[in-house]
Amino acid sequence: MKIGIFSTSKIETDQRIQKVSNTLSANGYSVTIYCRKHNKIGYKSENIKIKFINTIFDNGPLFYLQYNIQIFFKILFSRFDIIYCNDLDTLTGCALVSAMRNKKLIYDSHELFTEVPELVNRSLIKLIWRIQEKVFIRKANTIITVSDGVASELTRRYKVKEVNVIRNLPVIRETEVFKDKQPTIIYQGSLNVGRGLELAIEMMKHLPCYKLLIVGSGDIEIQLRKQMLESNLYDRVQFLGQLPPHELRLLTPTAWLGLSLEEDLGLNYRYALPNKLFDYIAAQVPVLVSDLPEMRKVVEKYKVGIVAKSRKPAELANQIGDFFDDKQEYESALKNIKSAVKDLNWQNEESKLIEVVKRVATS
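All values reported here derive from a predicted model rather than from experimental measurement.

Conventions and cut-offs
Residues numbered from 1 in each chain as written. Predicted model: local features only at pLDDT ≥ 70, side-chain atom pairs only at ≥ 80, totals over all residues. Heavy atoms only, no water. 1 Å grid on protein atoms, 1.4 Å probe; cavity = no way out; pocket = protein on both sides within 12 Å on 5 of 7 lines; lining within 4 Å. Points joined across faces, edges and corners; volume = space filled by probe spheres on them. Helix = DSSP H or I, 4+ residues; strand = E, 2+ residues; numbered from the N terminus. Patch = residues over 30% accessible without salt bridge, like charges linked within 9 Å, V, L, I, M, F, W, Y side chains within 5 Å. Areas by Shrake-Rupley, 256 points an atom, 1.4 Å probe, with all protein chains shown as cover. Salt bridge = Lys/Arg side-chain N within 4 Å of Asp/Glu carboxyl O. Lys, Arg positive; Asp, Glu negative; His and termini not counted. Charge placed at Lys NZ, Arg CZ, Asp CG, Glu CD. Core = buried A, V, L, I, M, F, W, Y, C linked by side-chain atoms within 4.5 Å. Buried < 20%, exposed > 50% of the residue type's maximum accessible area, 1.4 Å probe, protein only. Contact = heavy atoms within 4.5 Å. Expected span 1.5 Å × (residues − 1). Arc of directions from axis to C-beta.

A. How the structure looks around empty space enclosed by the protein. Under the criterion given, the structure shown has one cavity of 30 Å³ or more. In this structure, the largest cavity occupies an estimated 30 Å³ of space. Lining the largest cavity, in full, are Gln15, Lys19, Asn168, Leu169, Pro170, Asn275 and Asp279. Those elements that provide at least two residues to the lining of the largest cavity are helix H1 (15–26) and helix H10 (275–282).

Below, the structure is given as structure tokens:
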């Protein structure tokens, strides 16, 4: 069967789409990905077709309108059996034409799109997105999302019968673990509002022997660099930019602690289960996470790190210092991570995806 995967993200940096498409291809499906093009990092796959959607606009309402119009016509004249829609920003185009052409539709909601921090204070825009989701989510043959919290919220809001949770776990690989001699803390991911990055930099004032690596790019990068310089931390806070996956896989294991300090800025972050949390675990790096339900549940179940007791920089720094000073606790976390990796990997999770897609294909 032929599957068309549609997304506004860039395939080079969207590991979920990479994993989903590789799994489907390995299980006999013919896969074509439609996405935006990234100019810096290349991505190639022998068994998957990748086609780019070019738009005049880079963001905003006109971008989403033009993108969905292009999606509509690409599916209209295609021979796909299943349309795999990634996130709300492609759902309208996918749902409309899948109904017209009587094609199966899978909706993969990577997050609570209408609750992202960028929409918290934009009530009209938020309402427009929510109306779109309410109208078109019922057109999907099945719905997939990334955490139990998001699944429960989608079920509550839209009274849909079934939401399948397929976590964004990493592909397990052999990892060479060589820790940096200097205590090293790492953050990897988007540099956006609500990620706790300002707190992380402020915290470094109280950790004089430590260094912080910030890997990624985003809207507040300039603001964060300015904060680092004004705090006189240029020798201990390093901005490494966006790294290709193979370089990141070498860097992450050198860290002593991985950060996921999202703020509780609405339901999207509250129910978040970030990729980086599992990437740290896969790299055998203990984690420090916000006291939010989905992340806390993982850390407490597998005992792979610590949950933040405070969002005050000095108190958080003391908690990190205590964690490292307690050699028994830290060594225990490292030991537990090795067990957690056997469970928290894409090789285990992908069977759920195959089961869902087979069910849609035969319905």
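B. Quick look at a negative patch on the surface. Residues Asp322, Asp325, Asp326 and Glu329 make up a contiguous surface patch of negative charge. Tracing the backbone through its elements, the reader meets Asp326 in the loop between helix H12 (313–325) and helix H13 (327–343).

C. Expanded view of the nonpolar core. Grouped together as the largest cluster of nonpolar side chains are 60 residues, with contacts concentrated most on Ile185 and Ile281. In terms of residue count, H13 provides more of this core than any other element does, six residues in total. Ignoring any residue separated from it by four or fewer positions in sequence, one finds Ile185 in contact with Met203, Met204, Leu207, Tyr210, Lys211, Leu212, Leu213, Leu257, Leu259 and Ile320.

D. Seen up close, helix H4 (residues 123–136). With 14 residues, H4 extends 20 Å from end C-alpha to end C-alpha; this agrees with the ideal 20 Å at 1.5 Å per step. Every buried residue of H4 is listed here: Trp129, Glu133 and Phe136. Within H4, the buried residues cover an arc of 85° as seen down the axis, which keeps them to one side. Projecting away from the buried face of H4 at angles above 90 degrees are the exposed residues Ser123 and Leu124. Buried positions along H4 lie against helix H2 (60–76), helix H3 (91–101), strand S5 (104–109) and helix H5 (148–158).

E. Structural detail: H12. With 13 residues, H12 extends 18 Å between its outermost C-alpha atoms, agreeing within 8% with the 18 Å of an ideal straight helix rising 1.5 Å per residue. All of the buried residues along H12 are Leu316, Ala317, Gln319, Ile320, Gly321, Phe323 and Phe324.

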